[in-house]
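Residues per chain, in single letters:
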Amino acid sequence: MSEATGMSRHIAESSGHIAASAMDFWKRYRKNKIGVAGLGIIIFFTVMAVFAPLISPYNPNLINSSLYLSPPSAAHLLGTNQLGQDLLSLNFYGARISLIVGFAAAAISVIVGLVIGLYSGYFGGWADEILMRVTDFFLVIPTLVFMIVIAAVIGPSLLNVILVIGLLSWPSTARTIRSMVLSIKNWPFIESATINGGKSNYIIFRHIAPNVFPVVFANAVMSVASAIFAQASLVFLGVGDVTDISWGGIIHGAFAFGAVTSGMWWYVIPPGLFIILVILGFTMTGYSLEEMFNPKKRGF
Amino acid sequence: MAFEGKIGRKTMVLVFSAIIITTGYFALFGTTGGQYYIGSPAVSTAEAGTASANNSTFTVGWSGTSLDTLNPYTFTSSVSDWILLDTYSTLALYNANGSGLIPELATSWNINVSNGTAVVHLNPNAKFSNGQPINSSDVEYSYQMADCCFSGLSSYVCMITNISTPNPETVIFNFTGGLFPLVSLDNVFILPESLWQNVNVSSYFGFNASADPSFVGSGPFVVSKYVQGQYVQLSRNPYWYLPSMEPHVSSVIIQCFNSESSMFSALQAGTIDATSAFLLPSQIPVVQNDSSLHLVLSNSFTYCYLGFNVNPSGAGPSSIRNLTVRQAITDAINVSYVTKVAWDGYATPLATNFPVGDSFLDSALKLHPYNVSEANSLLNASGFSYGPNNLRETPNGTALAYTVIVPSSFPALISAATVIKQELSQIGISITISSISTSTMDSIIWPGYTQSMDLWDWAWTPGDPTLLCVFTDTAITTCLSDSGFNNSEYNTLYSELINANSTQQIYNLSDQLQAILYNQLPYLPLYSPPNIAAYSNAFTNISSNFAGGPFGAMDWETFIQVEPNASFGKTTHSGSTLYYIAGGIAAVVVIAAVAAIVIRSRRKED
Amino acid sequence: MATLTFSSYIAKRIALTVVSIFIIISFNFFLFRVLPGNPITLLYRSPRLTLNQEKSLAIQFGLNKPEWEQYLLYIRNALEGNFGISFYYKVSVTSELIPALENSLVLLIPATIISVLLGIFTGVFSAWRENSKTDVAVLQTAMAFYAMPTFWLGGIFILLAIYIGGIPVAGEYSVGSTSILNLLEHMALPLLTLVLVYYGQFTIMMRNSLRDVLSEDYIVTAYAKGADSRRILYTHAVPNAMLPMISLIAINLGLMVTGAILVETVFSWPGIGYMIYEAIGHLDYPMLQGAFIIVTFSVVLANLLADMIYGMVDPRIRYK
């Protein structure tokens, strides 16, 4: 998905002098309220995912035939699903899949986007033209349809969903990186390295890559949000593994078992709120990072 | 702030509010429309109920596979079948449980199975909906077309060897075997030869012009409007010839929905008068608590099963081909419990491979007893001892770990799979559930039988024993048999069934075939899901005699019998007013919030 | 001179569009060929299916021919705008898809216009008061809506609609009705869902774009010279900030289509997204191919249009 495009377009002009230490970085980041709030949300859900077994009142796999879609009660704060499983615990555990898919798919898309962007921008010419046409193609096609079809072909396992999302989400990163490389490669030290006969790969990965890294980082954070959204949509549509515990899967269940039309708000609202919060967390963090790494904006 | 925008702010607030109001307006607009259009069928019925029953429309929702075509030879969806049942005559109609026939186009028939002849006398008054008489040549034509290679009805007529028409009111069939009286008279739709001979029937999907032959029928209703994939409107056939089966409503609309939920909400909103029988257990209490709705619970003509890949030449795990393993799995699965969890107690557990209520179901077969220790001792005795990870292994060291494929569109089956997974873990067998589209299942099963087990269902017309053909060796080549079961005794008995020359013999053979399946376990039958439907108070006289209930698409009587409820008072949709108020409040809140933000920011800046 | 460059720019864009369209058509063929399963046995999963019937269906749908022949036939037909016969509905795909496309546009065009307008105004508002509480509040609201899963928001509206009662939550019209009021009332919830989910991204884009412009030297200079700030905003800043919005809106049309699939599925809106969802279930290749092509064409053409408008209104682009 290409949500990140709109927000990350300034980065093209961003310079590379963000080699400041982590401490310095944090000092600056701390001043950004939106960013700190976003980071807080991410930490909150990461803790939820890691400690799900500790904070969940029940084993989410526990089936109870006498609790078919029961409403909230003291024992089950969010009621139970069609298998009598505790919805609160399912929602806690759901954070795991969302974050795993989010991070893994974002990693794939950023790596692919980075490599394509670097080569395309550095070499230019025909390679660039072809790579950019391919990128345009992927930017333009309705990604979700494409994801559905591919997932139907290769099967719905978690790994496949990660691959599908990761391999279809790189175009916006590639475009951003390319336009950055176009300006970086004209810097004097890169030009001199080229003239002195430095190997292309060495120059690309040693000199250019570190300079685009901050932007890649901001982009990656945004990609996590897109990936989480894509995974939830796929599972909701019944593509992807609905037996894995995930928020999208819980919403799918709420629709499939008639909870929505039977007014069971406790089934459908919490997983949606969690998705919103976690996507908001990543979007806010990514947005703040972009603002920081765009020096032109600082001071205004 | 670099810029001061005292004046610009006002304008922006104005425009911003205007947009909010516009958006809200769309929501609100529904209200004005609602008073006129929402629930119009119900309102018009209420008036009709007291005035005249002849001017009423019964709208029923359909959430199953959507309507594909109304070509009687090439349709596949059951809703098409349902519509065709009431828009075309058949020679005879099956009764509620499929055990006998009652006359429709034929007034009487004389069947001699031992010499393979049937003499059928047609109703001399019968007419098509265009006023032309129905005579024996139309019957002959319809049966001939049903036997063509493109026809989905061919299995009902393939045993017919000759058809002759000595006069316009008599048809004589010659046939072989004993199935003719069971399936041939009640399944072939009679259509007008004079109109259909002008079109290429195999590729005719019609409904583009009002002159289409599909708009001429021979049943109590006739198709009057057809919107692909959305709805079909049936009106009374002005030339309908059976006074005993005269419909009570002037038209019936069958509207397609993409999910049970959207159909159910349409019923709640009053846009439809009844739902098809695919409601979910979660909706039962909602219907029961709504005094304007009636609940109909019935047996369905569907059964769900756990299929084992026993194909000797398939690529499935060899341990599943071992009968002992299948017996152990069967012992370890509590079918009653699986059934209870999957459908909240509304489904019926099954011991054999026929939907509950079918006349061919062998009630002598009982559920396999649930016995975990028996399962463990069976496996121990055959050398399937425990290996690492608390998993049993075959004597040559392969773990008993299987993948069960389940259609992702069948949520209750996924629930069943989850229970089965937990039950089998008790005997050291590990299950991975793979919920995939039916097309992916298709691609896993038929090219090479690579699956271990599958959960799926069969839906079938009641009283037709040919459902048993899915376990024959020919079913492997026609991509029907997901188990790949190939048993020579079974194949022989099945061909005897096809060629039997008495109904009693067919029943006996069917019981023997079911006994083989019960012992050899290509399938572990699980349950017949319930058919759950609801209809509104505005209509009455809805009987649930048929398998599948009044809205299960297997009956021909619902649309004929349904009539407006005379005692049903006019209801006002109080909801609309509430909607108005809620929309208004929402708009006010949004505007107030915007105003508050603006005022706050101004205060801060000033 | 400028005109010449402009027309060559347009010519280049058109050439690229044609190439993209050809790639899409070819790609499309192979994409749906790799879908698993045999559409015929799947569609007719019934003990009644005979081998004869299976064969005659394969011939009817051209599935018995070798792949390359199917491909050539497909390209030829696609160029004629003929996407074949739907496996499931057994009528011409085009005759099914054109009304579906119309239905989708009925929903998508107002949704896009309203969300872009709403996005622009909230964005201007936000940028104008950068870093104030108003800015944070507007930005946070926009982000929150932007983060909402479309299908979930739709589900919540259905939940509310049923609780309140009397609001249609499925379909485009009541059966048999063609009144505009009936359409509007069916459209209310899907439209509201789409607008709320999509206006947020336009807010953020507009805010960023306007902030850039506001920091440009000429604006700062104009302000320093004491020009009326409102005049600066409306006559210089906003129009300039709108320029990048044009291409961003075009790029995001693909995203709107995604949203449309989810919203149409949730609200059973008989549009193209709903057709796609159904066709996947029926393994209806021709329908999927047709729908996919129509959707991608629309997005590609919208992008071309945006490029042309951009080229016309922004003189700088001509010299690139």
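Please read all numbers here as calculations on a predicted model, not as lab measurements.

### Here's the deal with the overall build of chain A
Part 1 of the reasoning: Within chain A one finds 13 helices and zero strands.
Part 2 of the reasoning: Its helices and strands in sequence order give chain A the pattern α-α-α-α-α-α-α-α-α-α-α-α-α, from N to C terminus.
Part 3 of the reasoning: Referenced to the eigenvectors of the C-alpha coordinate spread, the extents of chain A come out at roughly 75 × 45 × 30 Å.
Part 4 of the reasoning: A burial count over chain A gives 63% of its 300 residues as buried.
Part 5 of the reasoning: For chain A, the proportion of contacts with a sequence separation of at least 24, taken over those separated by at least 6, is 76%.

### Considering the side chain of B:Thr302
Part 1 of the reasoning: By secondary structure assignment, the location of B:Thr302 is in strand β12 (residues 302-308).
Part 2 of the reasoning: Beyond its immediate sequence surroundings of up to four residues, B:Thr302 is in contact with B:Pro355, B:Asp457, B:Trp458, B:Ala459, B:Tyr527, B:Ser528 and B:Pro529.

### A short note on the interface of chain C and chain A
Part 1 of the reasoning: In this complex, chain C contributes 54 residues to the contact, which on the side of chain A involves 47 residues.
Part 2 of the reasoning: A per-residue breakdown of the area chain C buries against chain A is headed by C:Phe151, C:Trp152 and C:Leu159, which together make up 13% of the total.
Part 3 of the reasoning: Summed over the shared surface of chain C and chain A, the number is zero salt bridges.
Part 4 of the reasoning: Linking chain C with chain A are three residue pairs in polar contact (both at pLDDT 80 or more), by the criterion used here.
Part 5 of the reasoning: Of all the secondary-structure elements, those providing two or more residues to the side of chain C that touches chain A are α1 (2-33), α6 (133-146), α7 (150-164), α8 (180-214), α10 (229-251), α11 (253-266), α12 (272-282) and α13 (285-313) of chain C.
Part 6 of the reasoning: When grouped by side-chain class, the residues that make up the side of chain C that touches chain A number 38 nonpolar, 12 polar and four charged.

### Topic: helix α11 (residues 323-332) of chain B
Part 1 of the reasoning: Burial analysis of α11(B) places eight of its 10 residues in the buried class, which makes it a mostly covered element.
Part 2 of the reasoning: A distance of 2.8 Å separates the backbone nitrogen of B:Thr324 from a side-chain oxygen at the start of α11(B), and that oxygen is part of B:Asn322.

### Quick look at helix α6 (residues 125-140) of chain A
Because each turn of an α-helix spans 3.6 residues, side chains separated by three or four positions end up pointing in the same direction.
Part 1 of the reasoning: Here α6(A) is 16 residues long and its end C-alpha atoms lie 22 Å apart, about the 22 Å a rise of 1.5 Å per residue gives.
Part 2 of the reasoning: Within the sequence span of α6(A), burial applies to A:Asp128, A:Met132, A:Thr135, A:Asp136, A:Phe137, A:Phe138, A:Leu139 and A:Val140.

### What to know about the domain arrangement of chain A
Part 1 of the reasoning: When its domains are assigned, chain A resolves into domain 1 (1-31) and domain 2 (33-293).
Part 2 of the reasoning: Put simply, the middle of domain 1 of chain A and the middle of domain 2 of chain A, counted by C-alpha atoms, are 19 Å apart.

### Thoughts on the environment of B:Tyr303
All names here are of chain B.
Part 1 of the reasoning: Positionally, Tyr303 belongs in strand β12.
Part 2 of the reasoning: For Tyr303, a relative accessible area of 0% corresponds to the buried category.
Part 3 of the reasoning: Taking the C-alpha atoms as reference points, Tyr303 and Glu563, separated by 260 residues in sequence, lie 32 Å from one another.
Part 4 of the reasoning: At 3.4 Å, the side chain of Tyr303 and the side chain of Asn353 are in polar contact.

### Observations regarding the sheet that holds β12(B)
Residues and elements named next belong to chain B.
Part 1 of the reasoning: Reading across the sheet, the six strands line up as β13-β17-β12-β16-β14-β15 and stay open at both edges, with mixed pairing between neighbours. With one partner strand each, in any of the chains shown, β13 (348-349) and β15 (430-436) form the two edges of the open sheet.
Part 2 of the reasoning: For β12 and strand β17 (residues 523-528), the ladder comprises four bridges, and the chain directions are antiparallel. Counted as the bridge partner of Gly307 is Tyr523 from β17.

### Here's the deal with the pairing of β15(B)
All names here are of chain B.
Part 1 of the reasoning: The buried count for β15 comes to five of seven residues, which makes it a mostly enclosed element.
Part 2 of the reasoning: Where strand β14 (residues 401-407) meets β15, seven bridges bridge the pair, whose relative direction is parallel. Note on β15: the bridge partner recorded for Ile405 is Ser434.
Part 3 of the reasoning: Read as a crossover between parallel neighbours, the route from β14 over helix α14 (residues 411-425) to β15 is right-handed.

What counts and what doesn't
- Residues numbered from 1 in each chain as written.
- Chains lettered and ligands numbered in written order.
- Predicted model: local features only at pLDDT ≥ 70, side-chain atom pairs only at ≥ 80, totals over all residues.
- Heavy atoms only, no water.
- Helix = DSSP H or I, 4+ residues; strand = E, 2+ residues; numbered from the N terminus.
- Buried < 20%, exposed > 50% of the residue type's maximum accessible area, 1.4 Å probe, protein only.
- Contact = heavy atoms within 4.5 Å.
- Buried area = accessible area lost by both parts, 1.4 Å probe.
- Salt bridge = Lys/Arg side-chain N within 4 Å of Asp/Glu carboxyl O.
- Polar contact = N/O pair within 3.5 Å; in protein donor to acceptor, adjacent residues only side chain to side chain.
- Nonpolar A, V, L, I, M, F, W, Y, C, P; charged D, E, K, R; others polar.
- Expected span 1.5 Å × (residues − 1).
- Domains from an automatic or database assignment.
- Pairing = 2+ DSSP bridges.
- Right-handed = clockwise from strand over helix to strand, strands pointing away.

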